[in-house]
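Topology and contacts: notes
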Amino acid sequence: MRVRCTVNGERQEIDDVWEGESLLYALRERMGLPGSKNACEQGECGSCTVYLDGTPVCACLVAAGQAHDRDVVTVEGLADEGELHPVQQAFLDAGAVQCGFCTPGLLVATHDLLEREPQPSDPEIREALAGNLCRCTGYEKILDAVRQAATAKAGQE
Amino acid sequence: MEFLRPATWAEALAAKAEHPGALPIAGGTDVMVELNFDATRPDYLLDLTRIDDLDDWSPDGERLRIGAGVTYSRLITELADRLPGLAMASRTVGSPQIRNRGTVAGNLGSASPAGDAHPPLLTSDAVVEAHSLRGVRHIPITEFYTGVKRNALAPDELIAAVLTPPADGPQQFAKIGTRNAMVISVTAFALALHPNTGTVAAAFGSAAPTPRRATDAEAFLAAELTDTGRWDSRAELDPAAVTRFGALVAEAASPIDDVRGTADYRKHALSVMARRTLAWAWNDYRRNQVRTCA
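Residues numbered from 1 in each chain as written. Chains lettered and ligands numbered in written order. Predicted model: local features only at pLDDT ≥ 70, side-chain atom pairs only at ≥ 80, totals over all residues.

1. As for the overall build of chain A
Formally: Runs of E in the DSSP output that reach at least two residues are strands. Runs of H or I that reach at least four are helices, and both are numbered from the N terminus. Only C-alpha atoms enter the radius of gyration, while the globule expectation follows 2.2 Å times N to the 0.38, with N the number of residues. For every residue, the other C-beta atoms within 10 Å of its own C-beta are counted; 20 or more classify it as buried, 12 or fewer as exposed, and values in between as partly exposed. C-beta atoms are placed from the backbone. The contact rule is simple: place each C-beta atom from the backbone, and if two of them lie within 7 Å, those residues are in contact.
Each helix and strand in chain A was counted, giving five helices and five strands. In chain A, the order of α-helices and β-strands from amino to carboxyl end is β-β-α-β-β-β-α-α-α-α. Taken over C-alpha atoms, the radius of gyration comes to 15 Å for chain A, in line with the 15 Å a tight globule of 157 residues would show. On the principal axes, the C-alpha backbone points of chain A span a range of 45 × 30 × 25 Å. Relative to its 157 residues, chain A shows a buried fraction of 48%. Counted over contacts in chain A with a minimum sequence separation of 6, partners at least 24 positions apart contribute 61%.

Structure follows, in structure tokens:
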């Protein structure tokens, strides 16, 4: 089947999409957007978190056909004209990136958190990121990164 | 496989009538896992996310009518004051990403004994509104679960909404799992006190082939509270009665040993959760407030 949607502001039209295929597969294998990572395929790890019509979801649990006529933003769409988004910069600065596999999902989840709650408390950060697993960092650097991103964003505004 | 994208509810019902084997998909949090892991290959997927009518909730007489497309996230932000038990259960579902997609109707469609929404639906005497081209059927929640992952829907029916009265007293929910997010419950328990009618409702999940009410425990506690005048006095509970209530809840269960826990553990956990939630609910009642959850 054919699926049309907007991804990171660009119109995409892909053909021969298998009816049982996930949005994650379509993004990675058909649209050349491998930023969203494929790990658990059951919504447990959060590595494939993307915005669907402005709401963070696991792309592995969205059927590609459900994205038809919808607006998708992936980790590739967070940065503005070659400049890292403050959330991305904070993850680098804080050393919150080790193997990097969980990072795209955490970036989208953090981006969403700070849009909703610019100055989140630690419990709010933990709750917002509860659906994103990281095997490397022990999460402390990730929490640091979110706090730094909140501070950086506040300074920008 | 064919992907059906009805734009209206009438089209969806027609599609389900024509293809009774079609698998409805909304949030996809169960269906996509089955597809990703090759566990199911339906001939038709019936996408319900384009039907705007399903996304609303509204008062309906004495009850609230929650459309099948209302997500857990929206239940939490919009209905926690009126449906505190269901909102508490919704908070324990998956993760933010899962709650942004998953629906109570999806929980009902899957009818897993571990679905988090089931115990609070049971304690509030919810009704499932099923539609087909043949008409509308209201299925009492206690008659909805018919077996492990089986429900009372006919092959041509779709869930349009869940009807549930707003809380008329304290409600509580508790769930045992290995961490705070992304866990299938080892066992879960919901409690609702109905001071206006002098009754109690208690239900559990993951401890029998279906979610289930603990009717003997309910009757015991209601009689205890009535006979001792505590609905009026709001006096502290008798510890022996609390213990007995927990034991009766555990007796109502018929759990199995599996990877998440043993049958013995589940029974023990249920008795503990029953005692704890009763203490919390009774404290709320004594303070004369309905808990709207933290």
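2. Side note on helix α11 (residues 263-286) of chain B
Residue and element names in this part refer to chain B. Quick note on the threshold: The length a helix should cover is 1.5 Å for every residue beyond the first.
For α11, with 24 residues, the first-to-last C-alpha span of 34 Å sits near the 34 Å given by 1.5 Å per residue. Within α11, burial applies to R266, K267, A269, L270, S271, M273, A274, T277, L278, A281 and W282. Packing partners of the buried residues in α11 comprise β11 (171-176), β12 (187-194), β13 (199-205), α8 (215-227) and α10 (239-252).

3. Section: the sheet that holds strand β3 (residues 44-47) of chain B
All names here are of chain B. The line we're drawing: Should DSSP find at least two bridges between two strands, the strands are taken to pair. The axes used here are C-alpha line fits, helices contributing only the stretch in contact, and every angle between their N-to-C directions lies in the interval 0 to 180 degrees.
Across the sheet, three strands lie side by side as β1-β3-β2; this open sheet has parallel pairing. Edge strands, defined here as strands with exactly one partner in the open sheet, are β1 (2-4) and β2 (23-25). Taken pair by pair, the neighbouring strands of this sheet meet at an average axis angle of 25°, ignoring direction.

4. Some remarks on the interface of chain B and chain A
For interface size, the figure often reported is the accessible area lost on association. The line we're drawing: When residue character is reported, Ala, Val, Leu, Ile, Met, Phe, Trp, Tyr, Cys and Pro are called nonpolar, Asp, Glu, Lys and Arg charged, and the others, Gly included, polar.
The interface of chain B with chain A comprises 25 residues on the first partner and 24 residues on the second. Elements with a minimum of two residues in the side of chain B that touches chain A: β1, α2 (31-36), β3 and α5 (96-99) of chain B. Ranked by residues supplied to the side of chain B that touches chain A, first place goes to α2 of chain B with four residues. Split into classes, the residues belonging to the side of chain B that touches chain A amount to 12 nonpolar, nine polar and four charged.

5. Quick look at the sheet that holds β13 of chain B
Residue and element names in this part refer to chain B. Within the open sheet, the four strands sit side by side as β11-β12-β13-β14. Their pairing is antiparallel. Strand pairing shows two members of the sheet lacking a second neighbour, β11 and β14 (212-213), which therefore form its edges. Across seven bridges, β12 lies against β13 in antiparallel orientation. Counterpart to A188 in the pairing with β13 is G205.

6. Digging into the pairing of strand β7 (residues 135-140) of chain B
Residue and element names in this part refer to chain B. Along β7, only zero of the six residues are buried, which leaves the element largely exposed. Looking at chain direction, strand β6 (residues 127-132) and β7 are connected through six bridges and run antiparallel. Its bridge partner being in β7, H131 is matched across the sheet by V136. If you look at the hairpin formed by β6 and β7, you'll find two residues sitting between the two strands.

7. Brief notes about the nonpolar core
One recurring pattern in soluble globular proteins is that nonpolar side chains are buried together. Note the cut-off: Any nonpolar core is a set of buried residues, restricted to Ala, Val, Leu, Ile, Met, Phe, Trp, Tyr and Cys, that join up through C-beta atoms within 7 Å.
Among the nonpolar cores identified, the biggest contains 130 residues, and A59 of chain A together with V249 and L270 of chain B are the most heavily contacted of them. Top element by residues in this core is α11 of chain B. It accounts for seven residues. If we ignore the near neighbours within four places in the chain, the residues touching L270 of chain B are T187, F189, F204, A207, V249, A250 and A253 of chain B.

8. Examining the pairing of strand β10 (residues 158-164) of chain B
All names here are of chain B. Of all seven residues in β10, six are buried; the element is thus mostly enclosed. As defined by bridge partners, strand β5 (residues 63-67) adjoins β10 across four bridges and the pair is classed as antiparallel. Paired with I66 across the two strands is V162, which belongs to β10. Summarising the sheet, β6 and β10 pair through five bridges and their orientation is antiparallel. Bridged to A130 within β10 is I159.

9. Some words on unusual backbone geometry
Most peptide bonds take the trans form, and the phi angle of most residues other than glycine is negative. Of note in this structure, D16 of chain A is not a glycine but carries a positive phi near 60°. With respect to the element layout, D16 of chain A can be found in the loop between β2 (10-14) and α1 (23-30). Of the residues examined, D16 of chain A has 9 C-beta atoms within 10 Å and is grouped as exposed. Phi is positive for S206 of chain B, which is not a glycine, with a value near 60°. Along the chain, the position of S206 of chain B falls in the loop between β13 and β14.

10. Topic: the domain arrangement of chain B
Test applied: Where each domain begins and ends is defined by an automated method or by a domain database.
Once the domains are mapped, chain B shows domain 1 (1-52) and domain 2 (171-286). One C-alpha centre belongs to domain 1 of chain B, the other to domain 2 of chain B; they are set 36 Å apart.

11. Describing the environment of L106 of chain A
Residues and elements named next belong to chain A. Within the fold, L106 resides in helix α3 (residues 103-116). Considering only alpha carbons, one finds L106 and V87, 19 residues apart in sequence, at a separation of 9.7 Å. Each residue touching L106, except ones within four places of it in the same chain, is listed here: L129, N132 and I142.

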